Amino acid sequence: MSSDRPLQVSLQIVARRRLLKAGLGAFGLAALPRCSVLTGPTLRPGPDGIVGELEIPPISSNDDFYVVHFSSPVEVDRDLWNLFVHDEDEFIGSLSAADLDGYVLQEREQTLQCIESRPDALYMDNAIWGGGPLLELLAGVGVSVPESAGWVRFLGADLFTTRLAVEELAEAWLIWEMNGEPLSLDHGAPLRLLLPGKFGWLNC
């Protein structure tokens, strides 16, 4: 497996007369965002300096689920949205909202935790996510990962980017529902990654 030839996956916005191109050049590592815009449960130490217990519900409501923004959320017109897949600079396929609507949705329970979570600010919540395995969804539109690929790069509408080694793709899901409701803008609408065992900031 070559590690210097990433399969590039870009989330791009297609307008009527304009194509926003991003992330199609040389591969680069994502910068680690600070949790500077963050909401979630907090618990401060008492007079004795001891932090008490914070009970996290088995399933957090969508409104109570912690939120981290890399930058201001970008509203995407779902009817114009596409997920474009490139092998290097070569376009090899795409997913659209219509493709997602025609897919038999699957569900999985998954916990996300911010990398800056700590005892007095525990940014960790659990939800039932609706979507499907990334590789399965790509296969449904005739896209497969080239055998020579070593990495996959993901680019969000807010220009946040992250990457995965090809061998990690089997665990990756694409998500468009949360606790039985369409993803909100705060939680990554219209589509986000779900990566078991990874801190929240990697779930582009």
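Residues numbered from 1 in each chain as written. Predicted model: local features only at pLDDT ≥ 70, side-chain atom pairs only at ≥ 80, totals over all residues. Heavy atoms only, no water.

K.L.:
Which parts of the structure should I look at to understand the pairing of strand S8 (residues 151–155)?
P.N.:
Within a regular strand, the side chains alternate between the two sheet faces. Most of S8 sits inside the fold, with four of its five residues counted as buried. The pairing of S8 with strand S9 (residues 161–165) spans five bridges and is classified as antiparallel. Directly across from Arg153, in S9, lies its bridge partner Arg163. Linking two consecutive strands that pair antiparallel, namely S8 and S9, is a turn of five residues; a positive phi of about 75° is found at Leu159 within it. (Buried < 20%, exposed > 50% of the residue type's maximum accessible area, 1.4 Å probe, protein only. Helix = DSSP H or I, 4+ residues; strand = E, 2+ residues; numbered from the N terminus. Pairing = 2+ DSSP bridges.)

K.L.:
Whenever I open this one, the environment of Ile59 confuses me. Can you help?
P.N.:
Considering the arrangement of structural elements, one finds Ile59 in the loop between strand S2 (38–39) and strand S3 (67–68). In this structure the C-alpha to C-alpha distance between Ile59 and Thr111, which are 52 residues apart in sequence, comes to 9.0 Å. Apart from residues no more than four positions distant in its own chain, Ile59 is found in contact with Glu109, Asn126, Ala127, Ile128 and Asn179. (Contact = heavy atoms within 4.5 Å.)

K.L.:
Looking at this structure, how should I read the side chain of His187?
P.N.:
Relative to the assigned elements, His187 resides in the loop between strand S11 (181–182) and strand S12 (192–194). On the basis of relative accessibility, which here comes to 5%, the residue His187 falls in the buried class. Among the polar contacts listed, one links the side chain of His187 to the backbone oxygen of Asn62, at a separation of 3.2 Å. (Polar contact = N/O pair within 3.5 Å; in protein donor to acceptor, adjacent residues only side chain to side chain.)

K.L.:
In this structure, what is going on with the packing of aromatic side chains? I would like to understand it.
P.N.:
Centre distance and the angle of the planes are the two values used to describe a pair of aromatic rings. Under the criterion given, the structure shown has four aromatic pairs. Taken together, a centroid distance of 5.9 Å and an interplanar angle of 80° make the contact between Phe84 and Phe91 edge-to-face. By relative accessible area, Phe84 is classed as buried at 12%. Look at Phe91 and you get partly exposed, because its relative accessible area is 46%. (Phe/Tyr/Trp six-rings, centres within 6.5 Å; stacked < 30°, edge-to-face > 60°.)

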